[in-house]
Amino acid sequence: MRPDILNPLFAEISALKGIGPTLAKPLERLGLARAVDVAFHLPTSWIDRKRVSELDMADAGRVISIELTPVEYKATGSARAPFRVHATDAHGNYVSLVYFGRNSGWARKLLPLHETRFISGKLESYGQELQIIHPDYVLPPDEAGDVPEREPVYGLSEGLTNNRLRHLAEQAVERAPDLPEWIEPSVLAQKRWPVWRNALVAAHAEPGNAQARERLAYDEIFAGQLALMLVRATARRRRGVPVQGDGHLRAMVKLPFEPTSAQRRANAEIAGDMAQGQPMLRLLQGDVGAGKTVVALMALLNAVEAGMQGAMLAPTEILARQHFGTLQKMLAGVPVNIAILTGRDKGKARESTLMGLADGSIDILVGTHAIFQEAVTYKNLALAVIDEQHRFGVAQRMMLTDKAERTPHLLAMTATPIPRTLTLTYYGEMDVSRLDEMPPGRQPIETRVMSAERLPEIADALGRHMAGDGQAYWVCPLVEESEKTDLAAAQARAEALKMRFGDAIGLVHGRMKGPEKDAVMGRFQRGEIRVLVATTVIEVGVDVPNATLMIVEGADRFGLAQLHQLRGRVGRGDKKSVCLLLWGAEKSDQKLSDTAKDRLRIMKNSNDGFFIAEEDLRLRGAGEVLGTRQSGEAQFRLATPEQIDALVSIARDDARLLIDRDGGLGSPRGEAARICLYLFERDAAVGLLRSG
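Cut-offs and rules
- In every chain, residue numbers begin from 1 and rise along the written sequence.
- Selection of residues for local features in this predicted model requires a pLDDT of at least 70, selection of side-chain atom pairs for listing and counting requires 80 or more, and totals for whole chains, interfaces and linings are taken over all residues.
- With hydrogens and water excluded, all non-hydrogen atoms of the structure serve as input to the side-chain values.
- Secondary structure elements follow DSSP: runs of H or I no shorter than four residues count as helices, runs of E no shorter than two count as strands, and numbering proceeds from the N terminus.
- Think of it in three bands: with a 1.4 Å probe and only protein chains considered, a residue is buried below 20% of the maximum accessible area for its type, exposed above 50%, and partly exposed in between.
- By the convention used here, residues are in contact when the closest approach between their heavy atoms is within 4.5 Å.
- By this rule the span expected of a helix is its residue count minus one, scaled by 1.5 Å.
- Any pair of N or O atoms that falls within 3.5 Å is considered a polar contact. Within protein, one atom must be able to donate a hydrogen and the other to accept it, and sequence-neighbouring residues count only if both atoms are side-chain atoms.
- Helix axes use the C-alpha atoms of the stretch in contact, all axes being lines fitted to C-alpha atoms, and the angles between their N-to-C directions lie in the range 0 to 180 degrees.
- In this scheme, roughly parallel covers angles under 35 degrees and roughly antiparallel covers those over 145, while 65 to 115 is roughly perpendicular and the rest are oblique.
- Note on residue categories: nonpolar means Ala, Val, Leu, Ile, Met, Phe, Trp, Tyr, Cys or Pro, charged means Asp, Glu, Lys or Arg, and polar means any other residue, Gly included.
- pLDDT is defined as a per-residue confidence score from the predictor, taking values between 0 and 100.
- The pairing criterion is simple: DSSP has to find at least two bridges between the two strands.
- Each crossing gets its handedness from the near helix: less than a right angle anticlockwise from the far helix is left-handed, clockwise is right-handed.
- Think of a salt bridge as a Lys or Arg side-chain nitrogen and an Asp or Glu carboxyl oxygen that are within 4 Å of each other.
- Pairing of aromatic rings covers Phe, Tyr and the six-membered ring of Trp, with a centre-to-centre limit of 6.5 Å; geometry is then stacked below 30 degrees between planes, edge-to-face above 60, and tilted otherwise.
- Our definition puts a charge over a ring when NZ of Lys or CZ of Arg is within 6 Å of the ring centre and also within 35 degrees of the ring normal.
- In this text, buried Ala, Val, Leu, Ile, Met, Phe, Trp, Tyr and Cys residues form a nonpolar core when linked through side-chain atoms within 4.5 Å.

### Description of the overall build of the chain
Across its full length, the chain carries 23 helices and 22 strands. Split into buried and exposed, the 692 residues of the chain put 55% on the buried side. Relative to all contacts within the chain whose residues are 6 or more apart in sequence, the contacts with residues 24 or more apart total 72%.

### Points about helix α17 (residues 514–525)
Between the first and last C-alpha of α17 there are 16 Å, a value that for 12 residues agrees with the 16 Å anticipated at 1.5 Å per step. For α17, the full list of buried residues reads K517, V520, M521, G522 and F524. Just beyond α17, the residue with positive phi is G527, at close to 90°.

### Looking at the side chain of R567
As for its position among the elements, R567 is in helix α18 (residues 560–567). One polar contact links R567 to T447, side chain to side chain, over a distance of 2.8 Å. When near neighbours in sequence (up to four residues on either side) are disregarded, R567 contacts I445, T447, C579, M603, S606, N607 and I612.

### Description of the packing of helix α4 (residues 162–174) against helix α6 (residues 196–205)
It is at 10 Å that the axes of α4 and α6 come closest, and there the two elements cross at 175°. What the angle tells us is that α4 and α6 run roughly antiparallel. On α6, the residues touching A169, V173 and E174 of α4 are R197, L200, V201 and H204. Counted by class, the contact of α4 with α6 contains four nonpolar, one polar and two charged residues.

### Focus on the confidence of the model for the chain
Mean pLDDT over the chain stands at 84; residues scoring 70 or higher make up 86%. Contacts of residues 622–638 to residues separated by more than four positions or lying in other chains number 65 contacts, the stretch itself having pLDDT below 50.

### Examining the sheet that holds strand β17 (residues 446–451)
Strand order across the open sheet formed by six strands is β17-β22-β21-β18-β20-β19, with parallel pairing between neighbours. Either end of the sheet is taken by a strand with one partner, and the two such strands are β17 and β19 (505–508). Across the sheet, the mean angle separating the axes of adjacent strands is 20° when strand polarity is ignored. Taken together, the six bridges between β17 and strand β22 (residues 578–583) define a ladder with parallel strand orientation. For S451, the partnering residue across the bridge sits in β22 and is W583. Strand contacts of helix α16 (residues 490–501): β18 (471–475), β19 and β20 (531–534), with the helix running at about 170° to β19, the strand carrying the most contacts. Along the sheet, helix α19 (residues 594–605) makes contact with β17 and β22, crossing β17 at roughly 150°.

### Topic: the sheet that holds strand β14 (residues 381–386)
Backbone-to-backbone hydrogen bonds join strands into a sheet, with any given pair of strands oriented parallel or antiparallel. The strand order across the open sheet built from seven strands is β12-β13-β11-β14-β15-β10-β16, with neighbouring strands paired in parallel fashion. The open sheet has two edge strands, β12 (338–341) and β16 (431–435), and neither has a second partner. Averaged over all pairs of adjacent strands, the angle between their axes in this sheet comes to 20°, without regard to strand direction. In this sheet, strand β13 (residues 364–367) lies alongside strand β11 (residues 309–313) in parallel orientation, the contact comprising four bridges.

### Looking at the environment of D387
When you line up the elements, D387 lands in the loop between β14 and α13 (394–401). Overall, the relative accessible area of 5% leaves D387 in the buried class. As a C-alpha pair, D387 and L284 span 103 residues in sequence and 9.3 Å in three-dimensional space. Of note is the side chain of D387, whose polar atom sits 2.6 Å from the side chain of H323.

### Re the packing of helix α15 (residues 455–467) against α16
Put simply, α15 and α16 touch, their axes get as near as 12 Å, and they point 55° apart. Comparing the axis directions of α15 and α16 gives the class oblique. Regarding α15 and α16, the two cross each other, and that crossing is right-handed. On α16, the residues that touch L455, A459, D460, L462, G463 and M466 of α15 are R493, L497, R500 and F501.

### So, the pattern of salt bridges
Within this structure, the stated rule accounts for 34 salt bridges. Between R601 and D598 there is a salt bridge whose closest N-O contact spans 3.5 Å. Taken together, the residues span about one helical turn, with R601 and D598 both in helix α19 at a distance of three residues. Look at R601 and you get partly exposed, because its relative accessible area is 40%. Notably, a salt bridge pairs R669 with D654, separated by 2.9 Å at the nearest N-O pair. Of this pair, R669 sits in helix α22 (residues 668–679) while D654 sits in helix α21 (residues 641–660), and the two are 15 residues apart along the sequence. Each of the salt bridges in this network shares a partner with another, and the network as a whole consists of R49, D136, E151, R166 and E170.

### Considering the packing of aromatic side chains
Under the defined criterion, the tally for this structure stands at five aromatic pairs. Note on Y218 and F222: the rings are 6.2 Å apart at their centroids and 15° apart in plane angle, and the pair reads as stacked. Here the residue Y218 and the residue F222 both occupy positions in helix α7 (residues 210–237), the gap between them amounting to four residues, near one helical turn. Overall, the relative accessible area of 0% leaves Y218 in the buried class. The exposure class of F222 is buried, given its relative accessible area of 0%. Summarising the aromatic geometry, the rings of Y473 and F524 are spaced 5.1 Å apart at their centres and angled 65° between planes, so their arrangement reads as edge-to-face. Linking Y473 in strand β18 with F524 in helix α17, this pair joins segments that are 51 residues apart in sequence. Overall, F524 belongs to the buried group, its relative accessible area being 0%. Three or more aromatic residues joined by ring pairs form one cluster here, namely W193, Y218 and F222. The aromatic ring of F10 is capped on one face by R2, whose charged end is 4.1 Å from the ring centroid. Against the face of Y126 rests R84, its NZ or CZ located 5.3 Å from the ring centre.

### Side note on the nonpolar core
Most often, soluble globular proteins have nonpolar side chains that are buried together. Core analysis: the largest hydrophobic core is formed by 59 residues, its most contacted members being W182, W196, F222 and L679. For this core, the secondary-structure elements that each account for two or more residues are α1 (21–29), α2 (35–39), α4, α5 (185–191), α6, α7, α21 and α22. A total of 10 residues in this core trace back to one element, the largest contributor, which is α7. Look past the residues within four positions of W182 in its chain and what remains in contact with it is W196, R215, D219, F222, R669, A672, A673, C676 and L679. Judged by nonpolar contacts, the second largest core, of 38 residues, contains V334, I338, L411 and L435.

Written out as structure tokens, the structure is:
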């Protein structure tokens, strides 16, 4: 149970003042559901507002705060022209306050003529004149104190202003209690970090405060390292079942290629772990197409040969059914009973599967979260394989491993290559096997970067590709059109392509029901559909060797890891494959940001997932230092991977000291560390202590 001292911080976000239905949606889009989420939603930068008494062309380009007096409204007859309010400072210098949009009433209300207002915004030069477009603040002079001279800038969602989020953050931080110190005193003294609450306050008030942000980053890393240490210690205390098959089933599997040396090495490492009485806890890392499924199958067959059962857990139904079909093909002619169980399976089919698991007649089960529900029991589960490991937490892992009388061996897999600098951070309690070779016959995918303005040419090329009996994916980032975005929607793109190519076009997206989605995928795999228009639902778990063209629309809006996964849907046969990354929007003068240019350049020049992962880390940050996101901006942004490495090393030693020297979680520092675990939601680790 979470300590009472944290309850105010973990209150629902509705406990903060000023939150109604209008704000709920943008906050939800940002993942801000509780006060603690807002408190940990740190600024990404800041604005310095220079307070001046006189307008000066030298300040153009800066954000200024100044008292101005509106003297004239100026509107033109054109509906598209801006509404201007001419104003003067105390010395008679002119500036235009510019508002775009048809309704000038709001500007007139904010800026009544001949009444002084305190105004803050970016001063710009327009020809020989000065202007401020949509001032950030327009207040009576006696409220000027409400405008900070240094204002934090937050990541926002449409419908949420920076000023509103700043006030919500202030409320959330006020709920943060003074917590006992969990960091080892010598570390705290050496680093000169502030105490936890002061660090949180400082990180919001002074976004450039490196010490405060580093302290908060360390706390998250420490909680993660301590949780991993507890998980591993608990696993070592549990008794497992030694598993050592005789190899007869594995010898019957006929692979279309000779295993790589990396696959053979991984097979040996896994078999060696499974032969021990201590439960295996191993991560299998491999790039797209490196052959992880084959390695997993050999581990599952090892369990079946020993008279036991194996289970494979996938994060989505599409991926689960893809794995089921792939394993069925590989097991053709091998006397192994394999079944599938997802949330969609109901009635007699579900009951039959549950009975087969309970009586041992089902050897291997493939499925989604449904395979560790309470009603699912196994006769003798010896191995659990978890695919796309980063999408599952420690607690979910524990639920699956609790399905056996003795703790089963665990093999986790990820097709998202992880930077070396983060492997221990994410998976510090696991041994790691890397598949760093590709099976023979896999050709590198040619990647081209093109502007979406060339869509007509691309459609012509798609027609030629289809005429040559080729199949293609066309990926769009949205499901339906929105008036507020220029991104193409999957539905709209599918309709446009159907007008030209007819029924050869199919559509699949995450909002479709399972049977409908499966029907479309089945037609695409059989070649009845030549072009599959899709959202990122096809990022993993789709294998159509004849599909040799991938078109990603709005590619500048995707992260590197996601682009690499999408590109990996082609190049799965022996034919040359091409990936087209389209940036911008059709009929748009949009320009690429420097970061987007870097991402697309990296994708064009490399097919190496591990290199791409390192570049992703460099460009975007580490994601949650220990969580479900492997890329993207961290909760507490750090400067470099080397800085993360250093903090991980210190945190690991600090956690080990707590367990080995300072009396564990029952000591005074341990009680503080327990609070830290709950603060960063490592509840599963605390549960392990309670049960172990």
